[in-house]
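# Structural description and commentary
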Amino acid sequence: MTPTNASPDLADLRRRLNTVIGIPVVPYDEEGAVDLDLTAALTRRLVQNGVTALTPNGNTGEFYALSPRERRDVLAVVVGAAQPETVIIAGVGFDLDTAVSDARFARDAGAHAIMVHQPVLPYLSPGGWVDYVATVAQAVPELGVLPYVSSTLITGADVASLVERAPNVIGLKYSVPDPAFFATTRFHAGGDLLWIAGLAESYAPAYWSAGARAFTSGLVNVSPRVSLDMFDALARGDAEAANDVWRDIRLFEELRARNRSADNVSVVKEAMHQLGLCLPSVRPPSRALTTEGAAEVARSIAAWPALAGVRA
C-alpha cells in the first residue's frame, strides 16, 4: 500500500533517509553513569565526518539497558549536538504507554522520526504487532515512523496493513538475516517505502540488490568513512568497491555477530577505546571483552585504510 496521503515533508524525509543511519553508542564514565558531555562530543564527531542521519536509543546505544530518564537525556543531547540538517530518528519501545510517551517526547525534542523497536513480549502476534506500531505512529502523525522488523512472522501483507492505518510509516528497519525472505516481504508490502538494511554493513550489499536503499550502522562509531565508503559504492552501483569494504570489515562484524550477537556493542566500544574515544564499558546483560577479545578487535581494524586520522 503506497502512503499516498503522506505529507510532502514526510516524502522528503524518506528521501533524506537514503543514507547510512548511524546508531550512536552511549558512553559511560568511570562510575558507570551516562557521560552526556562525551555523548555530545561523539555526536559532533559523527556529524562532522559526514553522517547525516542518527538513531539515538538504538540497539548499539544499549536502549534496553538505559533508564527512562537516561533515554530522554541521551536523545536531547544528540539533538542538541547535531546539525540542523541532521535527521534524528529516536528509538522508542517497551509497553504501549511508554512508547507513545517517548514518541511524543521525541517530537517535542526536535526529532524528525521514530524507530519503533520490536516488542519485547515473547508472544508476538503479527496482528498485535500492527496494532502496536499503528498506535504509536498515530500518536505522532507529524513524525516519520520506521518500525524495526526482526521476525519472519511479519509479512509483506502485515506491513501493507500497517501503512494503511498509519501513513506516516515511511519505511522499515529490516533485520531478518535472509535476503530472499526480505525480497519476498518487500514485494508483498508494495508501496513506496524505504527499506533499510538493519543488519548493517555485513548484509548491506545483499539487501541492496533486493531493494534496500539505506543501512543502519554501529561500526560508524569507529570509522564513519568506512560506512560512508560502502554506501557511496552501493549508491553508484560499484559492487566491486562495496565488496572491497565488506572484506575489510568482515572480521569486525563477525566478532559482533558471534554467539548470537552477545558482544555486538562490546566490540564497537572496545574499538573506540583503542582509538581513545570512550571507555569500553557496557551494562549488563552485555559484558566488556576479555583481553583476548580486545586483541581480536585490534587485529580486525588494523588494516582499515579509513581509520587514518581518526585516532585521538
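Everything below is about the structure shown above.
Below is a summary of the structure that appears in this document.

Definitions and limits used
- Residues numbered from 1 in each chain as written.
- Predicted model: local features only at pLDDT ≥ 70, side-chain atom pairs only at ≥ 80, totals over all residues.
- Heavy atoms only, no water.
- Phe/Tyr/Trp six-rings, centres within 6.5 Å; stacked < 30°, edge-to-face > 60°.
- Lys NZ or Arg CZ within 6 Å of the ring centre and 35° of its normal.
- Buried < 20%, exposed > 50% of the residue type's maximum accessible area, 1.4 Å probe, protein only.
- Helix = DSSP H or I, 4+ residues; strand = E, 2+ residues; numbered from the N terminus.
- Pairing = 2+ DSSP bridges.
- Right-handed = clockwise from strand over helix to strand, strands pointing away.
- Expected span 1.5 Å × (residues − 1).
- Contact = heavy atoms within 4.5 Å.
- Polar contact = N/O pair within 3.5 Å; in protein donor to acceptor, adjacent residues only side chain to side chain.

### Examining the packing of aromatic side chains
Taken as a whole, this structure holds 11 aromatic pairs when the rule is applied. The interplanar angle of 70° and the centroid separation of 5.9 Å between the aromatic rings of Tyr 203 and Tyr 207 together place this pair among those described as edge-to-face. The aromatic ring of Tyr 148 is capped on one face by Lys 173, whose charged end is 4.1 Å from the ring centroid.

### Overview of the pairing of strand S6 (residues 171–174)
What you see with S6 is no split at all: Gly 171 and Lys 173 on one side and Leu 172 and Tyr 174 on the other are buried throughout. As defined by bridge partners, strand S5 (residues 144–149) adjoins S6 across two bridges and the pair is classed as parallel. The partner of Val 149 across the bridge, within S6, is Tyr 174. Bridge analysis of S6 against strand S7 (residues 194–197) gives four bridges, and the strand direction is parallel. When the sheet's bridge partners are listed, Gly 171 is paired in S7 with Leu 194. Between S6 and its parallel partner S7, the chain crosses via helix H7 (residues 179–189), and the hand of that crossover is right-handed.

### Considerations on helix H2 (residues 36–48)
Given 3.6 residues per turn, any residue in an α-helix points the same way as the ones three and four places further on. Here H2 spans 18 Å end to end across 13 residues, near enough to the 18 Å set by a 1.5 Å rise per residue. Tucked into the core, H2 has its buried residues touching strand S2 (53–54), helix H3 (68–81), helix H9 (224–235) and helix H11 (264–274). Residue Asp 35 occupies the N-cap position of H2, its side-chain oxygen lying 3.3 Å from the main-chain nitrogen of Asp 37. Residue Gly 50 follows H2 closely and has a positive phi angle near 100°.

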